[in-house]
Amino acid sequence: AQSVSQHNHHVILSEAASLELGCNYSYGGTVNLFWYVQYPGQHLQLLLKYFSGDPLVKGIKGFEAEFIKSKFSFNLRKPSVQWSDPAEYFCAVNARSGGYQKVTFGIGTKLQVIP
Amino acid sequence: DGGITQSPKYLFRKEGQNVTLSCEQNLNHDAMYWYRQDPGQGLRLIYYSQIVNDFQKGDIAEGYSVSREKKESFPLTVTSAQKNPTAFYLCASQPTPTTNTQYFGPGTRLTVL
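Now for a quick tour of the structure. (Residues numbered from 1 in each chain as written. Chains lettered and ligands numbered in written order. Predicted model: local features only at pLDDT ≥ 70, side-chain atom pairs only at ≥ 80, totals over all residues. Heavy atoms only, no water.)

Quick look at the overall build of chain B now. If you tally the helices and strands in chain B, you get 0 helices and 11 strands. Tracing chain B from N to C terminus, the helices and strands come up as β-β-β-β-β-β-β-β-β-β-β. Here chain B has a C-alpha radius of gyration of 13 Å; the compact-globule value for 113 residues is 13 Å, and the two agree. Sorting the 113 residues of chain B into buried and exposed places 48% on the buried side. Across chain B, contacts joining residues at least 24 apart in sequence account for 52% of those joining residues at least 6 apart. (Helix = DSSP H or I, 4+ residues; strand = E, 2+ residues; numbered from the N terminus. Rg over C-alpha atoms; globule rule 2.2 N^0.38 Å. Buried < 20%, exposed > 50% of the residue type's maximum accessible area, 1.4 Å probe, protein only. Contact = heavy atoms within 4.5 Å.)

Now for the pattern of salt bridges. Residues and elements named next belong to chain A. Following the criterion strictly, the structure yields 7 salt bridges over all chains and no others. When the shortest N-O distance is used, the salt bridge between Arg77 and Glu64 registers 3.4 Å. Taken together, the positions of Arg77 in strand 9 (residues 73-78) and Glu64 in strand 8 (residues 64-68) put the pair 13 residues apart, joining distant regions of the chain. Accessibility expressed as a relative area gives 22% for Arg77, which makes it partly exposed. Accessibility expressed as a relative area gives 18% for Glu64, which makes it buried. Between Lys78 and Asp85 there is a salt bridge; the shortest N-O distance is 2.9 Å. (Salt bridge = Lys/Arg side-chain N within 4 Å of Asp/Glu carboxyl O.)

On to the packing of aromatic side chains. Scanning all chains against the criterion turns up 15 aromatic pairs over all chains. Taking the centre distance of 5.1 Å and the plane angle of 85° together, the rings of Phe105 of chain A and Tyr35 of chain B count as edge-to-face. A residue pair is termed interchain when its members come from two chains, as with Phe105 of chain A in strand 11 (residues 100-105) and Tyr35 of chain B in strand 4 (residues 31-38). Residues Phe105 of chain A and Tyr35 of chain B agree in their burial class; the two are buried. Put simply, the rings of Phe34, Tyr36, Phe51 and Phe105 of chain A together with Tyr33, Tyr35, Tyr48 and Phe104 of chain B touch in pairs and so form one group of aromatic residues. (Phe/Tyr/Trp six-rings, centres within 6.5 Å; stacked < 30°, edge-to-face > 60°.)

A few words on the environment of Asn28 of chain B. All names here are of chain B. Looking at where Asn28 falls in the secondary structure, it is placed in the loop between strand 3 (19-25) and strand 4. For the pair Asn28 and Glu72, spaced 44 residues apart in sequence, the C-alpha to C-alpha distance is 6.9 Å. One polar contact links Asn28 to Lys71, side chain to side chain, over a distance of 2.9 Å. (Polar contact = N/O pair within 3.5 Å; in protein donor to acceptor, adjacent residues only side chain to side chain.)

Laid out in structure tokens, this is it:
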């Protein structure tokens, strides 16, 4: 069965610090990978996705993620966090399971930005 | 307006009662999903449906039931057999089951008293 691990459950950064949120998945076949964000009181929305091609993908609001197949990882990065970035971030994998495509989410990482 | 609607936003029920949460989409998406979101546990998949009249159990289907009689509708029933039903429930849809992004509804917060 596929699974997703997000290593940092709560991250506290100073404004302008660099951000990296870890995501590892376990699945042997082809996967599609996603990062979603949930701002306080808002819907979950897509930050970025990887289906194929260039393993470095760029998303909205200056976020990017790199797919490293050998490490089963899809870490999210941002060079400089801003006041608008506090939110909960979810990594997700879409892969084939029992003849169906199934999406599995990580438990989420809550980001806090401090002065 | 295109999108996914979930109603109501807040729902209260007495213990032992079944309750049905609504999810409707007018995006013409084939696939629909139900998740529950609990603090510290992320989103856990309850049921999903890739086509009308077909649905599959997710990771935590016990105590829940669904139907998919119409493409645009995927109601979730929380039965009295669900041991811990108080949670935030999210519905999502996806254009096709394979390579596309999920679009989420606003969620329903169910509280069982």
